[in-house]
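# Per-entry structural report
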Amino acid sequence: MTKQRSSRPDVNGKELINEAVRMALDDAGMTRKDIDAVVIGNMDHFEGINYVDTWSVDGSGALMKPIMKLTTGGTTGSTIAMAAYYHVASGLFDRVLAIGWEKNSESDTTGAIITAFDPFWDRPIFAGAVAGLALEATQYMHLTGATEEDAAYVAVRERKHALNNPYAHLHMNLTIEDVMKSPYLSWPVKMGDMCPRTDGACALVFASEDVAEDFPQKPAWFLGVANRHLWAYTSDPYVNQAIENGWWFPAMEWSAKELYDKVGITDPLEQIDVAELYLPYSFAGLRYMESLGFCGRGEGPALVRSGAFDMGGKCPVNPSGGVMSSNAIGATGLIRVAECVWQIQGRAGDRQVPEVKVALATGFGGCFWSDIMLLGADKPEKVRG
Amino acid sequence: MEDWRDKQELVVMEGRIKVPYRWSAGEVGTRYLESLRDEKRFLGTKCGECGKVYHVPRRNCPHCFAECSQWVELGSTGILETYTVVRRQHPQLAPLPLPYGYGVIKLEGADTGFLHLLYEFEEGGLAPGMRVEAVFADQREGNILDVRYFRPAKGVS
Ligand SMILES: [Zn+2]
């Protein structure tokens, strides 16, 4: 992956893509010729360029190869990973290049994001992605008694972890007080609670089991994937499809349940060694731990503050610094997978967690789309959708 | 190439895409908006199978995949399910006086919530579960902003 930075005016989008692709191919000991298919994605409206699949072939290496292009909001990068996995797991392709990228510096992020919302019922009211997440934060605090300080703990943790990661965009040594003093964007969400806007690209080689062991690096195996989606209107994830049906965050809770059942995870905190989670803002680092089954409802803040998800804790979350330290949207979900791969390969440098056997990667979109994946050091007995 | 880079700033071109569209409200959306404009009345649609009342109205129930063929009249007060207070905004998208509230409101008679603005509240005066009421615009044009905003309901706790 490229180093994640606030702005990369020295390259255009395809040149940025090319940096990540060259690194991935070099690392895998491959050339462009060895690639059977390319899966690429970003958010079209962020750069104002449609048909990125064809526009980017100079950089991606996809000239005259099968290409699939994906855009699913914040989950774009994780959806790319899942689609690349489907390509190789189906047996139809052996070596697939997965590419996620974004040049957020080229966009008006809020102006671009609004195009994802319903023109009649949401857009006239819409106040941006931060306000949407704030609706979730308010509801979570109301239901559980969680506090803004609990969330600030997550913001501080993620930025501390990023200090170990040369690829991270933000390198900030913050205190809870710094976060609490940062200005409100949309109550209860403050500047210090939010992710940055980042330029960056990430590329990964996905290989079928027939060829996976032919590479210079030992493979990280996909143990299974799951995803769920429920959103049509902004009100859906908070109310219409959630609380009243006994689910708090059905998309993530259902996908986690499906995936854990398939892979045989009964105690995530014990069985998962490291997690790279798409936490776009601090409150997510409380609530999603519950949705992902690390603890019961309302127990997120206490478990988070116990240090269980810090470096050295039971299951370190986001050793990379996560999304709150770098968010090149279309790359972000794929970076979660790349970080898990490095953790499993023991190549994560100063942010390495010892002896990683099982790693969890997630993607989250502003539309509450939820992708989740488990990767492992050991080859699974069978392919699990 | 180092030498010319020292002298030349990198080129960044400003651009703006402004594309006209014509979005269809459809029959269901049109009937709803007409009722809001002409009678200041909220309508919902009811699923023929599960009986869930949708507001804003939907033609199809995403759960049962059945048609929501029955119209239901709703109250103009409702419960504030969750909210935020917006302190910063995008200059072009929502040129509204700051701060303003923004919440998911479930109207009386509806099973689902919708997104709308909140004004006329004290600092710290909003809470999930509170009752709010619609304030209609005098000049109504057949869109969701025919309701200017919601505010804490008067005389009801
Ligand atoms: Zn139904």
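One can find the structure itself at the top, above this paragraph.
Described below are features of the structure shown in this document. (Residues numbered from 1 in each chain as written. Chains lettered and ligands numbered in written order. Predicted model: local features only at pLDDT ≥ 70, side-chain atom pairs only at ≥ 80, totals over all residues. Heavy atoms only, no water.)

### Digging into the layout of surface pockets
All names here are of chain A. Estimated volume of the second largest pocket: approximately 860 Å³. Every residue lining the second largest pocket is counted, 42 residues in all, and those nearest its centre are Val205, Phe206, Ala207, Pro219 and Ala220. For the lining of the second largest pocket, the element with the most residues is strand E6 (residues 199-207), which contributes 6 residues. Among the residues making up the lining of the second largest pocket, the classes are represented as 29 nonpolar, 4 polar and 9 charged. (1 Å grid on protein atoms, 1.4 Å probe; cavity = no way out; pocket = protein on both sides within 12 Å on 5 of 7 lines; lining within 4 Å. Points joined across faces, edges and corners; volume = space filled by probe spheres on them. Helix = DSSP H or I, 4+ residues; strand = E, 2+ residues; numbered from the N terminus. Nonpolar A, V, L, I, M, F, W, Y, C, P; charged D, E, K, R; others polar.)

### With respect to unusual backbone geometry
In the segment running from B:His55 into B:Val56, the intervening peptide bond is cis, with an omega of 0°. Structurally, B:Val56 is set in the loop between strand E2 (53-54) and strand E3 (70-74). With an omega of -10°, the peptide bond running from B:Leu98 to B:Pro99 counts as cis. Among the structural elements, B:Pro99 can be located in the loop between strand E4 (77-86) and strand E5 (100-107). A positive phi is found at A:Met64, a non-glycine position, where the angle reads about 60°. Tracing the backbone shows A:Met64 in the loop between helix H4 (57-60) and strand E2 (67-70).

### Digging into a nonpolar patch on the surface
On the surface, a nonpolar cluster with roughly 480 Å² of combined accessible area is contributed by B:Ile17, B:Val19, B:Tyr21 and B:Trp23. With respect to the secondary-structure elements, B:Val19 resides in the loop between helix H1 (2-7) and helix H2 (26-39). (Patch = residues over 30% accessible without salt bridge, like charges linked within 9 Å, V, L, I, M, F, W, Y side chains within 5 Å. Areas by Shrake-Rupley, 256 points an atom, 1.4 Å probe, with all protein chains shown as cover. Salt bridge = Lys/Arg side-chain N within 4 Å of Asp/Glu carboxyl O.)

### Notes on the pairing of E4(B)
Of all 10 residues making up E4(B), 8 are buried, and the element is well covered by its neighbours. Pairing of strand E4 (residues 184-187) of chain A with E4(B), which is carried by 2 bridges, proceeds in the antiparallel orientation. By the bridge assignment, A:Trp187 is partnered in E4(B) with B:Val85. Direction of pairing for E4(B) relative to strand E7 (residues 131-136) of chain B: antiparallel, over a ladder of 3 bridges. (Buried < 20%, exposed > 50% of the residue type's maximum accessible area, 1.4 Å probe, protein only. Pairing = 2+ DSSP bridges.)

### Focus on the environment of A:Leu286
Position of A:Leu286 relative to the elements: it lies in helix H13 (residues 284-291). Sequence-distant contacts of A:Leu286, that is, excluding residues within four places in its chain, are made with A:Tyr140, A:Ala146, A:Asp150, A:Ala151, A:Val154, A:Gly300, A:Pro301 and A:Val304. (Contact = heavy atoms within 4.5 Å.)

### With respect to the side chain of A:Asp53
Here A:Asp53 lies in helix H3 (residues 52-55). Despite its burial, A:Asp53 pairs with no opposite charge, the nearest such side chain being A:Lys69 at 6.1 Å. (Lys, Arg positive; Asp, Glu negative; His and termini not counted.)

### Focus: the packing of helix H7 (residues 129-144) of chain A against H13(A)
All names here are of chain A. Viewed as axis vectors pointing N to C, H7 and H13 meet at an angle of 65°, and their least axial separation amounts to 10 Å. Taken together, H7 and H13 sit at an angle that is classed as roughly perpendicular. Regarding H7 and H13, the two cross each other, and that crossing is left-handed. Where H7 abuts H13, its residues Glu136, Gln139 and Tyr140 lie against Leu286, Arg287, Tyr288 and Glu290. Grouping the amino acids of the contact of H7 with H13 by side-chain chemistry returns 3 nonpolar, 1 polar and 3 charged. (Axes fitted to C-alpha atoms, helices over the stretch in contact; angles between N-to-C directions. Parallel < 35°, antiparallel > 145°, perpendicular 65-115°, else oblique. Left-handed = near helix turned anticlockwise from the far one by under 90°.)

### Considerations on the interface of chain A and chain B
Taken together, the contacts link 41 residues of chain A with 41 residues of chain B. Of the roughly 3,400 Å² buried between chain A and chain B on both sides combined, carbon and sulfur atoms contribute 66%. Sorting the residues of chain A by area buried against chain B places A:Phe120, A:Trp121 and A:Ile125 first, and these three jointly supply 22% of that buried surface. Our count for the contact surface shared by chain A and chain B stands at 1 salt bridge. Residue B:Arg58 is joined to A:Asp236 by a salt bridge in which the shortest nitrogen-to-oxygen separation is 2.7 Å. Our enumeration of links across chain A and chain B arrives at 11 residue pairs in polar contact (both at pLDDT 80 or more). At the level of secondary structure, the elements contributing two or more residues to the side of chain A that touches chain B comprise helix H6 (109-113), H7, E4 and helix H10 (236-240) of chain A. (Buried area = accessible area lost by both parts, 1.4 Å probe. Polar contact = N/O pair within 3.5 Å; in protein donor to acceptor, adjacent residues only side chain to side chain.)

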